[in-house]
Amino acid sequence: MAMSEASSFEEQMDIFRWFGIPVKQSESTLEEMLERIPYFDKRPFTADEENKNYDVIVRKPINGEGEIPVGIVSKSYSLIQHRDILNFIINSIKDEFLDHEEMKFLFFLTEYGERMELLMRFPSKYHFDPGDGYKVGFSLWLRNSVDGSTKFSAEFGWLRLVCSNGMVIFEKDRFEHRHTKSLDQYYVNEILRNGLALYEKEKRMLIELYRTPLDKNAFEKWVNDSLKEKWGVKAAVRTYHIAMSGKDVTYAPLKKKVPSSQIEVKYTIEVPGAVAPANNLYAVVQALSWLARQRRDIDEQFQWRAQIPALIDDYLKIAA
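Residues numbered from 1 in each chain as written. Predicted model: local features only at pLDDT ≥ 70, side-chain atom pairs only at ≥ 80, totals over all residues. Heavy atoms only, no water.

A. Fine view of the overall build of the protein. Scanning the protein for helices and strands turns up eight helices and 14 strands. Taking 20 Å as the expected radius of gyration for a compact globule of 320 residues, we find that the protein reaches 21 Å, a close match to that expectation. Each of the three principal axes of the protein carries a C-alpha extent, and together these read 65 × 50 × 35 Å. Counting over 320 residues, the protein shows a buried share of 51%. Sequence separation of 24 or more characterises 62% of the internal contacts of the protein that already satisfy a separation of 6 or more. Carbon and sulfur atoms form 48% of the exposed surface of the protein, whose accessible area is close to 15200 Å². For the protein, the distance from the average position of its 44 positive side-chain charges to the average position of its 48 negative side-chain charges is 5 Å. (Helix = DSSP H or I, 4+ residues; strand = E, 2+ residues; numbered from the N terminus. Rg over C-alpha atoms; globule rule 2.2 N^0.38 Å. Buried < 20%, exposed > 50% of the residue type's maximum accessible area, 1.4 Å probe, protein only. Contact = heavy atoms within 4.5 Å. Areas by Shrake-Rupley, 256 points an atom, 1.4 Å probe, with all protein chains shown as cover. Lys, Arg positive; Asp, Glu negative; His and termini not counted. Charge placed at Lys NZ, Arg CZ, Asp CG, Glu CD.)

Written out as C-alpha cells, the structure is:
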C-alpha cells in the first residue's frame, strides 16, 4: 500500500494479519494511543484444578466488553504491558529533546490487543535524500506481545517517505528483551540513544549503496539463483521487473523450468519512487523493500525486511 508523505494513515481493519489474526492499523499520537490500549492481567490457569505449569493472560474490560483470555504463558513469564512501553517512549523522547510534534507514529494492533507494533518516524532533521530525489526518514520499529508469541524488540531503519517502504539498517543492532524480567525506563532510554547514534553511519551506508553501480549480468544471475532460492520464484520475478521497468507484475503458472528473469509477465502497477532501469544497488534495495512491505502478515514483513542485508551481500559476492 503506497502513500505520499502528506497522506495520513486511515484506521483500517484486516488489511494485515499477524500469525493469522486481523490487525488494526492507525496513525495516532502516543498519548491518544495510551487511552485506547487495553490493560492485561496474568492469572492462574484453572478450572477445577490449577495448572502448575501455565498461567493465562486476560484482557481487562474495554469498550463495554468483558474480560477476554488472549494467551497461555509459563509461570516464569513476566507480563510487559504495551502501556508501559508507550510511557517509556514518551519519557525517552523528552529526554532526547526530540520534537514530538514532528514525529509520526503508526500502530499495528491485533484484534484483542495482544500484539502491538509501533513505527516511529523521527523528526525532519533525521530525513535525507540518498540521491534519487526521494527522502528517507530514520525510524524505529517496536514490537511487543502480552501472550508470549513475540519478544519485545526494537529495530532501527529507514522509511521511504514516498511509499512507506521500510528498510532495516545494514550494520544493525537489534534490541530484544525476553519476558522473563521487567523492562525499565533506563533500558528504553539506552535503546533510543544507541539507535540515534547510528544515524550518520547508516546515512553514509545508504549513500554508498546509491553510488554502487549495478552490474546487470551479476544482478540477473543473483535473481535467478540466490534470490529465487531464498524468497521464491514469484519474488525473484517481481524484483527483476520492478528494477528493470519500475512496475510490479504477475505471471501465469509455469509449465517448464524458465529462469526467473525470462518468465513472461503481465505488468500491474507502477511502484512509487522506482527508478528504472535500476542503475545502482540502492534501487535494488528499494525493490526488495517494496516486496517486504507487500507481505500481508506483520511477522512476515519483519522477517523479510531483516533478510535484505544478507541478500545484498549475496549479490556483492556474485558481482565481485
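Now that the structure has been shown, we can carry on.
B. Representation of the sheet that holds strand β4 (residues 50-59) within the structure. One open sheet holds the three strands; their spatial order is β3-β4-β5, and the pairing between them is antiparallel. Single-partner strands in this sheet number two, and they are β3 (40-46) and β5 (68-74). Going from strand to strand, the sheet's axes swing by 35° on average, the running direction of each strand aside. Alignment of β3 against β4, held across six bridges, turns out to be antiparallel. Bridge pairing links Phe40 to Arg59 in β4. (Pairing = 2+ DSSP bridges. Axes fitted to C-alpha atoms, helices over the stretch in contact; angles between N-to-C directions.)

C. Quick peek at the packing of aromatic side chains. Enumeration over the complete set of coordinates arrives at 15 aromatic pairs. Between the aromatic rings of Tyr210 and Tyr282, the centroid separation amounts to 6.2 Å while the plane-to-plane angle is 70°, which identifies the pairing as edge-to-face. Linking Tyr210 in helix α4 (residues 199-211) with Tyr282 in helix α7 (residues 281-294), this pair joins segments that are 72 residues apart in sequence. Plain terms: the ring middles of Trp222 and Tyr315 are 6.3 Å apart, the flat faces sit at 85° to each other, and that makes the pair edge-to-face. Highlighted residues: Trp222 in helix α5 (residues 216-231) and Tyr315 in helix α8 (residues 298-319), separated in sequence by 93 residues. Like Tyr315, Trp222 is buried. A connected cluster of aromatic rings, assembled from ring pairs, spans Phe122, Tyr126, Phe128, Phe138, Phe156, Trp158 and Tyr199. (Phe/Tyr/Trp six-rings, centres within 6.5 Å; stacked < 30°, edge-to-face > 60°.)

D. Geometry of the pattern of salt bridges. Tallying each qualifying case throughout the model produces 19 salt bridges. The shortest N-O distance in the salt bridge between Arg305 and Glu155 comes to 3.6 Å. Taken together, the positions of Arg305 in helix α8 and Glu155 in strand β10 (residues 152-160) put the pair 150 residues apart, joining distant regions of the chain. Judged by relative accessible area, which is 5%, Arg305 ranks as buried. Judged by its relative accessible area of 1%, Glu155 falls in the buried class. Notably, a salt bridge pairs Glu300 with Arg295, separated by 2.9 Å at the nearest N-O pair. A relative accessible area of 27% means that Arg295 is categorised as partly exposed. Via salt bridges that share partners, Asp41, Arg43, Lys60 and Glu67 belong to a single interconnected network. (Salt bridge = Lys/Arg side-chain N within 4 Å of Asp/Glu carboxyl O.)

E. Structural view of the side chain of Ser92. Following the sequence through the fold, Ser92 ends up in helix α2 (residues 82-95). On the basis of relative accessibility, which here comes to 0%, the residue Ser92 falls in the buried class. Filtering out sequence-adjacent residues up to four positions away, Ser92 remains in contact with Gln185, Val188, Asn189 and Leu192.

F. Molecular detail of the packing of α5 against α7. Running from N to C, α5 and α7 cross one another at 25°; their axes reach a closest spacing of 14 Å. When the axis of α5 is compared with that of α7, the two are roughly parallel. Once α5 is placed against α7, the crossing between them reads as right-handed. Listed contacts from α7 to Phe219, Trp222, Leu227 and Trp231 of α5 are Val284, Leu288 and Leu291. Here the contact of α5 with α7 is built from residues that sort into seven nonpolar, no polar and no charged. (Parallel < 35°, antiparallel > 145°, perpendicular 65-115°, else oblique. Left-handed = near helix turned anticlockwise from the far one by under 90°. Nonpolar A, V, L, I, M, F, W, Y, C, P; charged D, E, K, R; others polar.)

G. View of the nonpolar core. Core analysis: the largest hydrophobic core is formed by 71 residues, its most contacted members being Met120 and Phe122. Tallying contributions element by element places α7 first for this core, with ten residues. If we ignore the near neighbours within four places in the chain, the residues touching Met120 are Ile89, Ile93, Met103, Lys104, Phe105, Phe138, Ser139, Leu140 and Leu142. By size, the runner-up hydrophobic cluster in this structure holds nine residues, among which are Phe16, Val23, Phe108 and Leu159. (Core = buried A, V, L, I, M, F, W, Y, C linked by side-chain atoms within 4.5 Å.)

H. Geometry of α5. Across its 16 residues, α5 extends only 20 Å between first and last C-alpha, which sits more than 12% below the 22 Å expected from 1.5 Å per residue. Along α5, the sharpest change in direction is near 40° and occurs at Trp222. Within α5 the residues assigned to the buried category are Ala218, Phe219, Trp222, Val223, Asn224, Ser226, Leu227 and Trp231. Where α5 is buried, its residues meet α6 (233-245), α7 and α8. (Expected span 1.5 Å × (residues − 1). Bend = angle between axes of the 7 residues up to and from the residue.)

These figures capture arrangement, not role.
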